[in-house]
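What follows is the residue order along each chain.
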Amino acid sequence: MPLAPGPTEFQNMLLAPKILSDPRGPILDLTARYGRIWRSRTLTQRGLRDMVWLLGVEHNERILGPAHRDDFSWYEGYSFSMEPLFGRDILFLSDDQPELGREGAHRRRHRLLIPAFSTKLDGQYLPAMAQIMARYLEELPLGQPVDLAQTIKQVTFHVVAQLLFGAEPEALPQLLHWFEQIGLGLFSLVHLRIPGLPFYRASRARKMLAQYIEGRISLYRSGQAESPTFLAQLLSAEGEDGERLNSETLVSELLAFLFAGYDTTASMLTSVLLALSENPVVMLQLREELSSLDLASVLSGQLADTPYLDAVLSETERLYPPLTFALRGAMRDLEISGYTIRRGDRVTYSPYFTGRDPELFADPLRFDPLRFYQKKPRPYSLLGFGGGHRPCIGKRFALWEMRLFVAQLLLRFDVKFGPQRSDAVYFNPTMQRRDGFWGSLSLNRAAT
Ligand code: HEM
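Thresholds applied
- Residues numbered from 1 in each chain as written.
- Predicted model: local features only at pLDDT ≥ 70, side-chain atom pairs only at ≥ 80, totals over all residues.
- Near = placed C-beta within 6 Å.
- Nonpolar A, V, L, I, M, F, W, Y, C, P; charged D, E, K, R; others polar.
- Helix = DSSP H or I, 4+ residues; strand = E, 2+ residues; numbered from the N terminus.
- Expected span 1.5 Å × (residues − 1).
- Buried ≥ 20, exposed ≤ 12 C-beta atoms within 10 Å, placed from the backbone.
- Contact = placed C-beta atoms within 7 Å.
- Pairing = 2+ DSSP bridges.
- Axes fitted to C-alpha atoms, helices over the stretch in contact; angles between N-to-C directions.
- Core = buried A, V, L, I, M, F, W, Y, C linked by C-beta atoms within 7 Å.

Draft legend 1. Up close: the site of the ligand. Around the ligand, the surrounding shell holds 21 residues, and the nearest of these are Gly261, Ala326, Gly386, Cys392 and Gly394. Partitioning the shell around the ligand into residue classes produces 13 nonpolar, seven polar and one charged.

This is how it looks when you write it as C-alpha cells:
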C-alpha cells in the first residue's frame, strides 16, 4: 500500500511552524486538497517522522475505538513535549510500562485518580467554584469595557489551583506566570535547555511550580494545614495491591491536571461568550432559561437542569474545541483507507475538523445549540473532550465550572459585548485571544 499523499519536504518545512501557530487553516486547506487522510512531517524523539492526519468520523473511531486500542500509543504521541516538563509517570503518558501491558499501567493509575473526580464530591467542589467566581465577578467595574477573557483566565486558574492543591490566593499571580512559561516552552520548536530559549525558561518555571506544590503537600501530610478535598482524595488513594501515589508522582499529576484543565476551560468559556456575542437569539433563549434560577442557589453550587445551556456548551465544543487536534504514535505498521502507516509515525485526530465536517453537521458554520438540545451526539462526532476508551477525565469538572460561570455572569449582569481590539488568536496549544474579549456590564435588575 502507498503512503498517504501530502506536501513536499520543502512545503513541510514551512508547514510545521504554521501548525504550531494556528493549525486551523492548514487542517481545513490540506484536507480539502488531499482528502481525509494525508501526511505531513514532524520532529519526534526518534527524529523526523511522518504525521498522518486521519479526518472524519470513521477515522476518529479507528483511532479512539476500544477495538483498536493496541494500535496507537498516547505515550508516543505526547512524550516528546510532555515528558521533559511533567515527568514520565503521569496518566497522560502511562501506557509505557511494558511490564503492565500498555493499557495496564493506564488503568492502574486511572483507578487511583478517578475517585477524586467522583460525583459524590460535587457538594464540595461546586460551592467552592461558585464562590471563587463570585469574588472576581463582584469586583468587575460597571459601565466601562472589561476584558472578560482576562477575568475568565483568572477565575479558571484560581479554580484549578485552589481546588486541586489548595494554592493560596496571594500566590496565584506568581503561579500563573510560571505556568504560562511552561506552556510557552512546551510548544516551542526547539526543546533544548539553553538560557534565553522558551524551553529553558519553562524548565525553570516547572521547577519553581513543582516546589510550591511540594510545599503544599508537605503541609497537608504533616497536618499543619487542611488538605483540599481533591488532594485529600489523591493522598489517601490506594490501589488493590496497596499502591499509593508518592509525592513526586503527585506533583507531576497535579502539574499535568493544571495543564490539562486550566487553558482548556479558559479557552472554551471565552468561546462561549464569543458565540453568544455573535448570536443574540441564542443569548435571549439562554437568558430565558437562566431567569428561572436564583443567584443564591448558583452561589451555593446548585444548578437546576439547564438543557439549553448544556446545548450551548456542546455547540461551542463542536465549533471551538480548545484542542484543535490530538496526537498518538502508531505502534505497528497499519493499513488505513488504502494507505500504509508505519510503526513510529505520529497519527492525529481533529476535534476541530470533525465539528466542521459538512458530512456530520448541516450548515456547519451556523451556531445552533438545537443540534444538541436534549439529544446525544452521534458517536465520535463531538470530540472536544476526546472520546473512545480514553476520554478526558476532567470533563464533568470543566462542564460544571463553565455552567456555573455562565449562569452567574448572566444572572448578575446584562452584557454588551465589544468593541473588540482585534480578533487575533494564539495557540498555547489551546486557542486563546491575543487582545482579550471585551464587554461592558450593567447590573441585571431582573435577577438582583
Ligand atoms: C474545557 C475543558 C477541557 C477540555 C476541552 C479538555 C479536553 C481534553 C481532551 C481532548 C482530551 C483527550 C486528548 C487526546 O485524546 O489525546 C483530554 C484528556 C485529559 N484531560 Fe481534559 N479537557 C478539559 C478539562 C480538563 C480538566 C478540568 C482536567 C483535570 C482537572 C482534565 C484532565 C485531563 C486528563 C488527565 C486527560 C488524559 C486522560 C487519560 O489519559 O485517560 N481535563 N482532555
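Back to the write-up after that little detour.
Draft legend 2. Up close: helix 4 (residues 74-86). Between its first and last C-alpha atoms helix 4 spans 15 Å; for 13 residues at 1.5 Å apiece the expected length is 18 Å, and the helix comes up short by more than 12%. Burial in helix 4 covers these residues: Trp74, Tyr75, Glu76, Gly77, Ser79, Met82, Leu85 and Phe86. Buried positions along helix 4 lie against strand 3 (72-73), helix 8 (172-186), helix 9 (198-221), helix 11 (247-261), strand 5 (326-330) and strand 8 (346-349). Directly beyond the C-terminal end of helix 4, a positive phi value near 90° is found at glycine 87.

Draft legend 3. Region of interest: unusual backbone geometry. In this structure, proline 419 follows glycine 418 across a cis peptide bond, with omega equal to -10°. Looking at the element boundaries, proline 419 is found in the loop between strand 9 (413-417) and strand 10 (425-427). A cis amide bond links asparagine 428 to the next residue, proline 429, at an omega of 0°. Its location among the elements puts proline 429 in the loop between strand 10 and strand 11 (431-433). Here the phi dihedral of aspartate 363 falls at roughly 45°; this positive angle occurs in a residue that is not glycine. Aspartate 363 sits in the exposed class, given 8 other C-beta atoms within 10 Å. A positive phi angle is found at tyrosine 380, which is not glycine, with a value near 65°.

Draft legend 4. Inspection of the environment of aspartate 305 at higher detail. Its location among the elements puts aspartate 305 in the loop between helix 14 (295-299) and helix 15 (307-319). Separated by 53 residues in the primary sequence, aspartate 305 and serine 252 place their C-alpha atoms 35 Å from one another.

Draft legend 5. Summary view of the sheet that holds strand 12 (residues 438-443). The strand order across the open sheet built from three strands is 4-12-9, with neighbouring strands paired in antiparallel fashion. At either end of the open sheet lies a strand with only one pairing partner, and these are strand 4 (145-147) and strand 9. With direction set aside, neighbouring strand axes in the sheet form an average angle of 45°. In the sheet, strand 9 pairs with strand 12 via five bridges, with the strands oriented antiparallel. Among the inter-strand pairings, phenylalanine 417 is bridged to a residue of strand 12, identified as glycine 439.

Draft legend 6. Highlighting helix 8. An ideal rise of 1.5 Å per residue puts 21 Å on 15 residues; helix 8 measures up with 21 Å between its terminal C-alpha atoms. Inspection of helix 8 places Leu175, Phe179, Gln181, Ile182, Gly183, Gly185 and Leu186 among the buried residues, and these make up the whole buried set. Residues of helix 8 that are buried sit in contact with helix 4, helix 7 (148-165), helix 9, helix 11 and helix 12 (263-278).

Draft legend 7. Layout of the environment of leucine 299. Its location among the elements puts leucine 299 in helix 14. Expressed as a C-alpha distance, the spacing of leucine 299 and threonine 31, which sit 268 residues apart in the sequence, is 45 Å. If we skip the residues at most four places from it in the chain, leucine 299 touches Ala130, Gln131 and Ala134.

Draft legend 8. Quick look at the pairing of strand 5. For strand 5, the tally of buried residues reaches five of five residues, placing the bulk of the element in the interior. Side-chain alternation along strand 5 places Ala326, Arg328 and Ala330 on one buried face and Leu327 and Gly329 on a second face that is also buried. Pairing of strand 3 with strand 5, which is carried by two bridges, proceeds in the antiparallel orientation. Bridge pairing in strand 5 links phenylalanine 72 to alanine 330. Bridge count for strand 5 against strand 8 is four bridges, and the pairing is antiparallel. Counted as the bridge partner of glycine 329 is arginine 346 from strand 8.

Draft legend 9. Highlighting the nonpolar core. Ranked by size, the top nonpolar core spans 83 residues in total, and within it Met129, Leu164, Leu258 and Val272 carry the most contacts. When residues in this core are grouped by element, the largest group, eleven residues, is from helix 7. With sequence-adjacent residues up to four places away left out, valine 272 is seen in contact with Val312, Leu313, Thr316, Met402 and Val406.

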